[in-house]
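# Close look at the chain arrangement
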Amino acid sequence: MTTIDRPHHASLASTATAGAIAMAVAMGFGRFSYTPILPAMMTDLGLSPADAGLIASANFVGYLAGAVLGAYGWAHGQERRIGLASLAATTLLLAAMGLTSSVLVLSLIRFLAGVASAFSMIFISGIVLGHGLLARSEHVPAMHFGGVGLGIVFSSLCVWLAPLAGAAGLSASQADWFTGALVALVGTVVVALMLPAGPVSGNGAAREKPLTWTRPLTVVTLTYGLFGFGYVITATFLVAMARDASGGHSIEFLAWLLTGLSAALSVYLWRFAVPRFGLAGVYAIGLLAEAVGLVLTVSLPLPYAPLAGGLMLGATFMMITAYGLQIGRHLAPESPRKALALMTAAFGIGQIIGPVVAGWLAQRTGSFAAPTLIAAAVLFVCGGVIVAELRRIAAALPR
(Lines give C-alpha, C1' and ligand atoms only; values in the text may rest on other atoms or scores of the structure.)
Protein backbone atom coordinates (compact mmCIF):
# COMPACT_ATOMS: atom_id res chain seq x y z
CA MET A 1 0.00 0.00 0.00
CA THR A 2 1.35 3.42 -0.88
CA THR A 3 1.42 6.39 1.45
CA ILE A 4 -1.30 7.94 -0.70
CA ASP A 5 -3.55 4.94 -0.19
CA ARG A 6 -3.28 4.87 3.61
CA PRO A 7 -5.33 7.99 4.36
CA HIS A 8 -8.06 6.80 2.00
CA HIS A 9 -8.29 3.38 3.67
CA ALA A 10 -8.14 4.94 7.13
CA SER A 11 -11.01 7.25 6.16
CA LEU A 12 -13.01 4.33 4.75
CA ALA A 13 -12.47 2.31 7.94
CA SER A 14 -13.56 5.31 10.02
CA THR A 15 -16.69 5.68 7.90
CA ALA A 16 -17.56 1.98 8.24
CA THR A 17 -16.99 2.13 12.01
CA ALA A 18 -19.25 5.18 12.28
CA GLY A 19 -21.91 3.30 10.31
CA ALA A 20 -21.65 0.24 12.55
CA ILE A 21 -22.03 2.30 15.72
CA ALA A 22 -24.92 4.24 14.18
CA MET A 23 -26.74 1.01 13.34
CA ALA A 24 -26.05 -0.31 16.84
CA VAL A 25 -27.68 2.78 18.34
CA ALA A 26 -30.57 3.20 15.90
CA MET A 27 -31.47 -0.44 15.40
CA GLY A 28 -29.84 -2.57 18.10
CA PHE A 29 -31.01 -0.22 20.86
CA GLY A 30 -33.61 2.05 19.25
CA ARG A 31 -35.64 -0.76 17.71
CA PHE A 32 -34.68 -4.15 19.09
CA SER A 33 -34.05 -3.49 22.79
CA TYR A 34 -37.83 -3.43 23.29
CA THR A 35 -37.86 -7.23 22.91
CA PRO A 36 -35.64 -8.14 25.90
CA ILE A 37 -37.02 -5.29 28.07
CA LEU A 38 -40.65 -6.22 27.40
CA PRO A 39 -41.00 -8.97 30.07
CA ALA A 40 -39.83 -6.54 32.79
CA MET A 41 -42.14 -3.82 31.45
CA MET A 42 -45.12 -6.15 31.60
CA THR A 43 -44.30 -6.98 35.22
CA ASP A 44 -43.47 -3.43 36.35
CA LEU A 45 -46.32 -1.64 34.55
CA GLY A 46 -48.92 -4.39 34.51
CA LEU A 47 -49.09 -4.40 30.70
CA SER A 48 -51.26 -7.01 29.04
CA PRO A 49 -50.12 -8.86 25.90
CA ALA A 50 -52.51 -6.66 23.93
CA ASP A 51 -50.90 -3.53 25.38
CA ALA A 52 -47.44 -4.87 24.54
CA GLY A 53 -48.53 -5.63 20.99
CA LEU A 54 -50.00 -2.16 20.55
CA ILE A 55 -46.78 -0.50 21.70
CA ALA A 56 -44.71 -2.73 19.40
CA SER A 57 -46.98 -2.02 16.43
CA ALA A 58 -46.64 1.72 17.01
CA ASN A 59 -42.90 1.39 16.49
CA PHE A 60 -43.42 -0.48 13.21
CA VAL A 61 -45.89 2.16 12.00
CA GLY A 62 -43.37 4.86 12.84
CA TYR A 63 -40.69 2.98 10.93
CA LEU A 64 -42.95 2.81 7.90
CA ALA A 65 -43.80 6.52 8.19
CA GLY A 66 -40.11 7.40 8.41
CA ALA A 67 -39.30 5.26 5.39
CA VAL A 68 -42.02 6.91 3.28
CA LEU A 69 -40.94 10.40 4.34
CA GLY A 70 -37.33 9.55 3.59
CA ALA A 71 -38.18 8.68 -0.01
CA TYR A 72 -38.79 12.32 -0.95
CA GLY A 73 -36.17 14.89 -1.92
CA TRP A 74 -36.64 17.28 1.02
CA ALA A 75 -33.49 16.00 2.73
CA HIS A 76 -31.14 16.54 -0.21
CA GLY A 77 -27.83 17.88 1.08
CA GLN A 78 -28.88 17.48 4.73
CA GLU A 79 -28.43 13.71 5.07
CA ARG A 80 -25.64 13.81 7.64
CA ARG A 81 -27.40 16.37 9.83
CA ILE A 82 -30.69 14.48 9.75
CA GLY A 83 -28.99 11.16 10.43
CA LEU A 84 -27.20 12.53 13.50
CA ALA A 85 -30.37 14.25 14.73
CA SER A 86 -32.16 10.92 14.42
CA LEU A 87 -29.55 9.22 16.60
CA ALA A 88 -29.88 11.98 19.20
CA ALA A 89 -33.66 11.56 19.12
CA THR A 90 -33.24 7.80 19.59
CA THR A 91 -31.22 8.46 22.74
CA LEU A 92 -33.85 10.78 24.20
CA LEU A 93 -36.70 8.43 23.30
CA LEU A 94 -34.97 5.47 24.98
CA ALA A 95 -34.79 7.49 28.20
CA ALA A 96 -38.40 8.65 27.81
CA MET A 97 -39.60 5.03 27.85
CA GLY A 98 -38.61 4.84 31.50
CA LEU A 99 -40.54 7.95 32.49
CA THR A 100 -44.16 6.91 31.91
CA SER A 101 -46.58 4.05 32.48
CA SER A 102 -49.24 5.25 30.03
CA VAL A 103 -49.81 2.86 27.14
CA LEU A 104 -50.78 5.79 24.93
CA VAL A 105 -47.63 7.75 25.74
CA LEU A 106 -45.44 4.65 25.42
CA SER A 107 -46.98 3.99 22.00
CA LEU A 108 -46.30 7.56 20.91
CA ILE A 109 -42.69 7.31 22.06
CA ARG A 110 -42.20 4.05 20.16
CA PHE A 111 -43.82 5.58 17.07
CA LEU A 112 -41.33 8.44 17.14
CA ALA A 113 -38.51 5.97 17.79
CA GLY A 114 -39.59 4.09 14.65
CA VAL A 115 -39.37 7.29 12.60
CA ALA A 116 -35.91 8.00 14.01
CA SER A 117 -34.74 4.44 13.24
CA ALA A 118 -35.94 4.67 9.64
CA PHE A 119 -34.25 8.04 9.12
CA SER A 120 -31.00 6.69 10.54
CA MET A 121 -31.19 3.60 8.33
CA ILE A 122 -31.90 5.60 5.17
CA PHE A 123 -29.67 8.64 5.55
CA ILE A 124 -26.66 7.23 7.40
CA SER A 125 -26.70 4.04 5.33
CA GLY A 126 -26.81 6.21 2.21
CA ILE A 127 -23.61 7.96 3.28
CA VAL A 128 -21.73 4.86 4.43
CA LEU A 129 -22.80 2.53 1.60
CA GLY A 130 -22.12 5.29 -0.93
CA HIS A 131 -18.51 5.49 0.21
CA GLY A 132 -18.19 1.72 0.17
CA LEU A 133 -19.72 1.46 -3.30
CA LEU A 134 -17.32 3.96 -4.84
CA ALA A 135 -14.37 2.22 -3.19
CA ARG A 136 -15.69 -1.19 -4.34
CA SER A 137 -15.29 -2.38 -0.76
CA GLU A 138 -17.05 -5.48 0.55
CA HIS A 139 -15.91 -4.71 4.09
CA VAL A 140 -17.89 -1.47 4.45
CA PRO A 141 -21.42 -2.92 4.14
CA ALA A 142 -20.43 -5.98 6.21
CA MET A 143 -19.17 -3.79 9.04
CA HIS A 144 -21.99 -1.27 8.72
CA PHE A 145 -24.85 -3.75 8.96
CA GLY A 146 -22.95 -5.91 11.46
CA GLY A 147 -23.45 -3.01 13.86
CA VAL A 148 -27.11 -4.01 14.25
CA GLY A 149 -26.06 -7.36 15.69
CA LEU A 150 -23.53 -5.72 17.98
CA GLY A 151 -26.26 -3.38 19.19
CA ILE A 152 -28.49 -6.37 19.96
CA VAL A 153 -25.63 -8.00 21.89
CA PHE A 154 -24.96 -4.88 23.94
CA SER A 155 -28.67 -4.24 24.53
CA SER A 156 -29.10 -7.79 25.85
CA LEU A 157 -26.06 -7.33 28.10
CA CYS A 158 -27.48 -4.02 29.34
CA VAL A 159 -30.76 -5.71 30.23
CA TRP A 160 -28.86 -8.43 32.07
CA LEU A 161 -26.45 -6.08 33.89
CA ALA A 162 -28.71 -3.10 34.65
CA PRO A 163 -30.46 -4.73 37.66
CA LEU A 164 -27.02 -5.63 39.09
CA ALA A 165 -26.21 -1.93 39.35
CA GLY A 166 -28.85 -1.68 42.05
CA ALA A 167 -30.08 1.78 41.10
CA ALA A 168 -32.15 3.02 44.03
CA GLY A 169 -35.76 3.82 43.33
CA LEU A 170 -35.75 2.43 39.77
CA SER A 171 -37.78 -0.51 38.56
CA ALA A 172 -36.08 -3.16 36.44
CA SER A 173 -37.49 -1.81 33.18
CA GLN A 174 -36.54 1.78 34.07
CA ALA A 175 -32.97 0.68 34.74
CA ASP A 176 -32.96 -1.12 31.38
CA TRP A 177 -34.20 1.90 29.42
CA PHE A 178 -31.92 4.42 31.15
CA THR A 179 -28.87 2.20 30.72
CA GLY A 180 -29.67 1.82 27.03
CA ALA A 181 -30.07 5.58 26.66
CA LEU A 182 -26.67 6.19 28.27
CA VAL A 183 -24.95 3.74 25.91
CA ALA A 184 -26.80 5.28 22.94
CA LEU A 185 -25.64 8.75 23.96
CA VAL A 186 -22.00 7.67 23.93
CA GLY A 187 -22.49 6.01 20.55
CA THR A 188 -24.14 9.10 19.08
CA VAL A 189 -21.21 11.30 20.13
CA VAL A 190 -18.73 8.88 18.55
CA VAL A 191 -20.69 8.79 15.28
CA ALA A 192 -20.84 12.59 15.19
CA LEU A 193 -17.04 12.68 15.42
CA MET A 194 -16.41 10.00 12.78
CA LEU A 195 -19.15 10.20 10.15
CA PRO A 196 -17.95 12.12 7.06
CA ALA A 197 -19.84 14.82 5.26
CA GLY A 198 -21.92 13.21 2.57
CA PRO A 199 -23.54 11.52 1.02
CA VAL A 200 -21.25 10.07 -1.59
CA SER A 201 -23.10 8.60 -4.57
CA GLY A 202 -22.50 7.75 -8.16
CA ASN A 203 -24.38 10.77 -9.43
CA GLY A 204 -22.36 13.28 -7.43
CA ALA A 205 -24.22 16.26 -6.04
CA ALA A 206 -27.09 16.08 -8.53
CA ARG A 207 -30.59 15.56 -7.19
CA GLU A 208 -31.81 12.02 -7.69
CA LYS A 209 -33.99 11.19 -10.67
CA PRO A 210 -37.45 9.59 -10.33
CA LEU A 211 -37.30 5.88 -9.60
CA THR A 212 -37.74 3.55 -12.59
CA TRP A 213 -39.53 0.32 -11.68
CA THR A 214 -37.86 -2.46 -13.65
CA ARG A 215 -38.97 -6.07 -13.27
CA PRO A 216 -35.89 -7.07 -11.19
CA LEU A 217 -36.35 -4.09 -8.85
CA THR A 218 -40.07 -4.85 -8.45
CA VAL A 219 -39.38 -8.50 -7.63
CA VAL A 220 -36.66 -7.68 -5.12
CA THR A 221 -38.81 -5.00 -3.43
CA LEU A 222 -41.79 -7.39 -3.19
CA THR A 223 -39.74 -10.19 -1.65
CA TYR A 224 -38.06 -7.72 0.68
CA GLY A 225 -41.47 -6.59 1.93
CA LEU A 226 -42.61 -10.18 2.47
CA PHE A 227 -39.33 -10.85 4.25
CA GLY A 228 -40.36 -8.13 6.71
CA PHE A 229 -43.51 -10.14 7.42
CA GLY A 230 -41.61 -13.41 7.84
CA TYR A 231 -38.74 -12.26 10.01
CA VAL A 232 -40.65 -10.01 12.42
CA ILE A 233 -42.80 -12.77 13.90
CA THR A 234 -39.79 -14.52 15.39
CA ALA A 235 -37.99 -11.25 16.14
CA THR A 236 -41.00 -10.01 18.12
CA PHE A 237 -41.99 -13.16 19.97
CA LEU A 238 -38.69 -15.04 20.37
CA VAL A 239 -38.26 -13.99 24.00
CA ALA A 240 -41.89 -14.92 24.70
CA MET A 241 -41.18 -18.35 23.22
CA ALA A 242 -38.06 -18.61 25.37
CA ARG A 243 -40.06 -17.69 28.48
CA ASP A 244 -42.19 -20.76 27.86
CA ALA A 245 -39.06 -22.92 27.79
CA SER A 246 -37.79 -24.83 30.80
CA GLY A 247 -34.64 -22.74 31.13
CA GLY A 248 -36.40 -19.62 32.42
CA HIS A 249 -34.76 -16.21 32.23
CA SER A 250 -31.35 -17.61 31.31
CA ILE A 251 -32.79 -19.03 28.09
CA GLU A 252 -34.41 -15.66 27.29
CA PHE A 253 -31.04 -13.94 27.68
CA LEU A 254 -29.12 -16.58 25.73
CA ALA A 255 -31.63 -16.71 22.88
CA TRP A 256 -31.42 -12.93 22.31
CA LEU A 257 -27.64 -12.88 22.85
CA LEU A 258 -27.21 -15.60 20.21
CA THR A 259 -29.39 -13.56 17.86
CA GLY A 260 -27.11 -10.56 18.24
CA LEU A 261 -23.82 -12.44 18.03
CA SER A 262 -24.80 -14.33 14.90
CA ALA A 263 -26.22 -11.14 13.34
CA ALA A 264 -22.98 -9.26 14.01
CA LEU A 265 -20.95 -11.89 12.15
CA SER A 266 -23.46 -12.84 9.48
CA VAL A 267 -22.87 -10.16 6.84
CA TYR A 268 -19.11 -10.65 7.06
CA LEU A 269 -19.28 -14.45 6.81
CA TRP A 270 -21.94 -14.59 4.08
CA ARG A 271 -19.82 -12.39 1.80
CA PHE A 272 -17.51 -15.36 1.18
CA ALA A 273 -20.43 -17.03 -0.62
CA VAL A 274 -20.98 -14.08 -2.98
CA PRO A 275 -18.21 -14.99 -5.48
CA ARG A 276 -19.74 -18.46 -5.82
CA PHE A 277 -23.47 -17.65 -5.91
CA GLY A 278 -23.63 -13.93 -6.69
CA LEU A 279 -25.31 -11.21 -4.64
CA ALA A 280 -28.84 -12.24 -5.66
CA GLY A 281 -28.05 -15.93 -5.17
CA VAL A 282 -26.89 -15.38 -1.59
CA TYR A 283 -29.98 -13.24 -0.97
CA ALA A 284 -32.16 -16.19 -2.08
CA ILE A 285 -30.18 -18.68 0.02
CA GLY A 286 -30.61 -16.43 3.05
CA LEU A 287 -34.39 -16.34 2.63
CA LEU A 288 -34.53 -20.13 2.38
CA ALA A 289 -32.15 -20.61 5.33
CA GLU A 290 -34.22 -18.33 7.53
CA ALA A 291 -37.34 -20.29 6.58
CA VAL A 292 -35.60 -23.47 7.77
CA GLY A 293 -34.68 -21.69 11.00
CA LEU A 294 -38.30 -20.76 11.65
CA VAL A 295 -39.34 -24.39 11.23
CA LEU A 296 -36.66 -25.42 13.74
CA THR A 297 -37.98 -22.80 16.19
CA VAL A 298 -41.27 -24.67 16.58
CA SER A 299 -40.13 -28.23 15.89
CA LEU A 300 -37.15 -28.73 18.21
CA PRO A 301 -37.73 -29.64 21.87
CA LEU A 302 -37.51 -26.98 24.56
CA PRO A 303 -35.30 -25.24 25.54
CA TYR A 304 -33.33 -25.78 22.32
CA ALA A 305 -36.02 -24.36 20.03
CA PRO A 306 -35.63 -20.67 20.99
CA LEU A 307 -31.83 -20.99 21.00
CA ALA A 308 -31.83 -22.44 17.50
CA GLY A 309 -34.39 -19.85 16.44
CA GLY A 310 -32.25 -17.00 17.74
CA LEU A 311 -29.11 -18.38 16.11
CA MET A 312 -30.76 -18.86 12.71
CA LEU A 313 -32.59 -15.52 12.88
CA GLY A 314 -29.38 -13.64 13.59
CA ALA A 315 -27.44 -15.56 10.97
CA THR A 316 -29.81 -14.52 8.20
CA PHE A 317 -31.95 -11.45 8.83
CA MET A 318 -29.16 -8.83 8.73
CA MET A 319 -27.53 -10.44 5.71
CA ILE A 320 -30.87 -10.44 3.87
CA THR A 321 -31.38 -6.81 4.87
CA ALA A 322 -27.88 -5.76 3.82
CA TYR A 323 -27.79 -7.63 0.53
CA GLY A 324 -31.39 -6.78 -0.32
CA LEU A 325 -30.68 -3.07 0.05
CA GLN A 326 -27.41 -3.39 -1.87
CA ILE A 327 -29.23 -5.10 -4.73
CA GLY A 328 -31.86 -2.34 -4.68
CA ARG A 329 -29.18 0.36 -4.88
CA HIS A 330 -27.49 -1.43 -7.79
CA LEU A 331 -30.80 -1.82 -9.65
CA ALA A 332 -31.54 1.91 -9.30
CA PRO A 333 -28.15 3.60 -9.85
CA GLU A 334 -29.68 7.02 -10.62
CA SER A 335 -31.99 7.04 -7.58
CA PRO A 336 -30.39 4.81 -4.91
CA ARG A 337 -31.83 6.65 -1.89
CA LYS A 338 -35.37 6.46 -3.29
CA ALA A 339 -34.92 2.73 -3.90
CA LEU A 340 -33.58 2.24 -0.37
CA ALA A 341 -36.42 4.25 1.14
CA LEU A 342 -39.20 2.48 -0.78
CA MET A 343 -37.75 -0.96 -0.07
CA THR A 344 -37.64 0.01 3.59
CA ALA A 345 -41.28 1.09 3.32
CA ALA A 346 -42.24 -2.29 1.81
CA PHE A 347 -40.38 -3.97 4.65
CA GLY A 348 -42.23 -1.76 7.12
CA ILE A 349 -45.62 -2.81 5.79
CA GLY A 350 -44.66 -6.46 6.12
CA GLN A 351 -43.51 -6.11 9.71
CA ILE A 352 -46.68 -4.24 10.71
CA ILE A 353 -48.87 -7.05 9.39
CA GLY A 354 -46.71 -9.85 10.82
CA PRO A 355 -47.29 -9.34 14.56
CA VAL A 356 -51.01 -8.73 14.05
CA VAL A 357 -51.42 -12.04 12.22
CA ALA A 358 -49.15 -13.85 14.66
CA GLY A 359 -50.92 -12.50 17.74
CA TRP A 360 -54.36 -13.38 16.41
CA LEU A 361 -53.32 -16.92 15.44
CA ALA A 362 -51.41 -17.49 18.68
CA GLN A 363 -54.45 -16.43 20.70
CA ARG A 364 -56.73 -18.78 18.74
CA THR A 365 -54.37 -21.77 18.70
CA GLY A 366 -52.63 -21.32 22.04
CA SER A 367 -49.11 -21.31 20.63
CA PHE A 368 -46.82 -19.54 18.19
CA ALA A 369 -46.38 -22.65 16.03
CA ALA A 370 -49.00 -21.79 13.39
CA PRO A 371 -47.88 -18.17 12.74
CA THR A 372 -44.23 -19.23 12.72
CA LEU A 373 -44.91 -21.91 10.11
CA ILE A 374 -46.89 -19.41 8.00
CA ALA A 375 -43.91 -17.05 8.16
CA ALA A 376 -41.63 -19.90 7.11
CA ALA A 377 -43.90 -20.66 4.13
CA VAL A 378 -43.80 -17.00 3.07
CA LEU A 379 -39.99 -16.98 3.21
CA PHE A 380 -39.81 -20.24 1.23
CA VAL A 381 -41.96 -18.63 -1.47
CA CYS A 382 -39.76 -15.51 -1.49
CA GLY A 383 -36.63 -17.59 -1.90
CA GLY A 384 -38.26 -19.55 -4.72
CA VAL A 385 -39.30 -16.37 -6.54
CA ILE A 386 -35.75 -14.99 -6.39
CA VAL A 387 -34.36 -18.29 -7.68
CA ALA A 388 -36.86 -18.19 -10.57
CA GLU A 389 -35.86 -14.60 -11.41
CA LEU A 390 -32.16 -15.07 -10.67
CA ARG A 391 -30.93 -14.69 -14.24
CA ARG A 392 -32.84 -11.45 -14.84
CA ILE A 393 -31.70 -9.95 -11.54
CA ALA A 394 -28.09 -11.03 -12.01
CA ALA A 395 -28.04 -9.61 -15.55
CA ALA A 396 -29.22 -6.23 -14.24
CA LEU A 397 -26.52 -6.03 -11.56
CA PRO A 398 -23.09 -4.52 -12.29
CA ARG A 399 -20.30 -7.02 -12.82
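Each remark here, short or long, concerns the structure printed above.
Described in the following lines is the structure provided in the data block. Keep in mind that what you see is a predicted model, and the values were worked out from it rather than measured.

## Some thoughts on the overall build of the protein
- A count of helices and strands for the protein gives 14 helices and 0 strands.
- What you see in the protein, going N to C, is helices and strands ordered as α-α-α-α-α-α-α-α-α-α-α-α-α-α.
- Scaling as 2.2 N^0.38, a compact globule of 399 residues should have a C-alpha radius of gyration of about 21 Å, and the protein matches this with 20 Å.
- Along the three orthogonal principal directions, the C-alpha set of the protein runs to about 55 × 45 × 40 Å.
- Expressed as a percentage of the 399 residues in the protein, the buried residues total 57%.

## Let's talk about a nonpolar patch on the surface
- On the surface, Val-68, Leu-69, Tyr-72 and Trp-74 cluster together into a nonpolar patch covering about 410 Å² of accessible area.
- Mapped onto the fold, Tyr-72 is located in the loop between helix H3 (49-70) and helix H4 (79-96).
- Its relative accessible area of 52% is what places Tyr-72 among the exposed residues.

## A few points about the packing of helix H12 (residues 336-365) against helix H13 (residues 369-388)
- Between H12 and H13, whose axes approach to 7 Å, the crossing angle comes to 140°. The angle between the axes of H12 and H13 places the two elements in the oblique class. Contacts from Ala-358, Leu-361, Ala-362 and Thr-365 in H12 reach Ala-370, Pro-371 and Ile-374 in H13.
- For the contact of H12 with H13, the per-class residue count stands at 6 nonpolar, 1 polar and no charged.

## Observations concerning the environment of Ala-394
- Position of Ala-394 among the secondary structure elements: in helix H14 (residues 390-396).
- Ala-394 sits 269 residues away from Ser-125 along the chain, and the two C-alpha atoms are 23 Å apart.

## Some remarks on helix H2 (residues 34-45)
- With 12 residues, H2 extends just 14 Å between its outermost C-alpha atoms, more than 12% less than the 16 Å of an ideal straight helix rising 1.5 Å per residue.
- For H2, the set of buried residues is Tyr-34, Thr-35, Pro-36, Ile-37, Leu-38, Pro-39, Ala-40 and Met-41.
- Gly-46 sits one or two positions beyond H2 and adopts a positive phi of about 70°.

## A word on the packing of aromatic side chains
- If you walk through the whole model with that rule in mind, you get 11 aromatic pairs.
- Both rings, one in Tyr-63 and one in Phe-347, keep their centres 6.4 Å apart while their planes meet at 65°; by these two values the pair is edge-to-face. A residue pair is termed long-range when its members are at least 10 positions apart, and Tyr-63 in helix H3 and Phe-347 in helix H12 qualify at 284 residues.
- Look at Tyr-231 and Phe-347: their rings are 5.3 Å apart centre to centre, the planes differ by 25°, and that puts the pair in the stacked class. One end of the pair, Tyr-231, is in helix H8 (residues 215-243); the other, Phe-347, is in helix H12, and 116 residues separate them in sequence.
- Judged by relative accessible area, Phe-347 falls into the buried class, the value being 6%.
- Ring pairs connect the aromatic residues Phe-32, Tyr-63, Tyr-224, Phe-227, Tyr-231, Trp-256, Phe-317 and Phe-347, which therefore count as one cluster.
- The lysine or arginine in question, Arg-31, covers the ring of Phe-32, its NZ or CZ lying 5.3 Å from the ring centre.

## Re the pattern of salt bridges
- Taken as a whole and judged by the stated rule, the model has 2 salt bridges.
- When the shortest N-O distance is used, the salt bridge between Arg-215 and Glu-389 registers 2.6 Å. Of the two residues, Arg-215 sits in helix H8 while Glu-389 sits in the loop between H13 and H14, which places them 174 residues apart along the sequence.
- A relative accessible area of 10% means that Glu-389 is categorised as buried.
- Salt bridges here are not isolated pairs; linked through shared partners, they connect Arg-215, Glu-389 and Arg-392.

## A few points about the nonpolar core
- In terms of nonpolar packing, the biggest core is built from 116 residues, with Phe-227, Tyr-231, Phe-317 and Ile-327 touching the most fellow members.
- With sequence-adjacent residues up to four places away left out, Ile-327 is seen in contact with Val-220, Leu-279, Ala-280, Tyr-283, Ile-393 and Leu-397.

## As for the side chain of Thr-15
- Here Thr-15 is to be found in helix H1 (residues 5-29).
- For Thr-15, a relative accessible area of 2% translates into the label buried.
- Beyond its immediate stretch of four places on either side in the chain, Thr-15 contacts Val-128, His-131 and Pro-196.

## Section: the packing of H2 against helix H7 (residues 172-194)
- Running from amino to carboxyl end, H2 crosses H7 at an angle of 150°, the nearest separation of the two axes being 8 Å. Taken together, the axis directions place H2 and H7 in an arrangement best described as roughly antiparallel. Where H2 approaches H7, its residues Tyr-34, Ile-37, Ala-40, Met-41 and Asp-44 are matched on the opposing element by Ala-172, Ser-173, Asp-176 and Trp-177.
- The residue inventory of the contact of H2 with H7, partitioned by class, reads 6 nonpolar, 1 polar and 2 charged.

Rules used throughout
Residues numbered from 1 in each chain as written. Predicted model: local features only at pLDDT ≥ 70, side-chain atom pairs only at ≥ 80, totals over all residues. Heavy atoms only, no water. Helix = DSSP H or I, 4+ residues; strand = E, 2+ residues; numbered from the N terminus. Rg over C-alpha atoms; globule rule 2.2 N^0.38 Å. Buried < 20%, exposed > 50% of the residue type's maximum accessible area, 1.4 Å probe, protein only. Patch = residues over 30% accessible without salt bridge, like charges linked within 9 Å, V, L, I, M, F, W, Y side chains within 5 Å. Areas by Shrake-Rupley, 256 points an atom, 1.4 Å probe, with all protein chains shown as cover. Salt bridge = Lys/Arg side-chain N within 4 Å of Asp/Glu carboxyl O. Axes fitted to C-alpha atoms, helices over the stretch in contact; angles between N-to-C directions. Parallel < 35°, antiparallel > 145°, perpendicular 65-115°, else oblique. Contact = heavy atoms within 4.5 Å. Nonpolar A, V, L, I, M, F, W, Y, C, P; charged D, E, K, R; others polar. Expected span 1.5 Å × (residues − 1). Phe/Tyr/Trp six-rings, centres within 6.5 Å; stacked < 30°, edge-to-face > 60°. Lys NZ or Arg CZ within 6 Å of the ring centre and 35° of its normal. Core = buried A, V, L, I, M, F, W, Y, C linked by side-chain atoms within 4.5 Å.

Geometry only, nothing functional implied.
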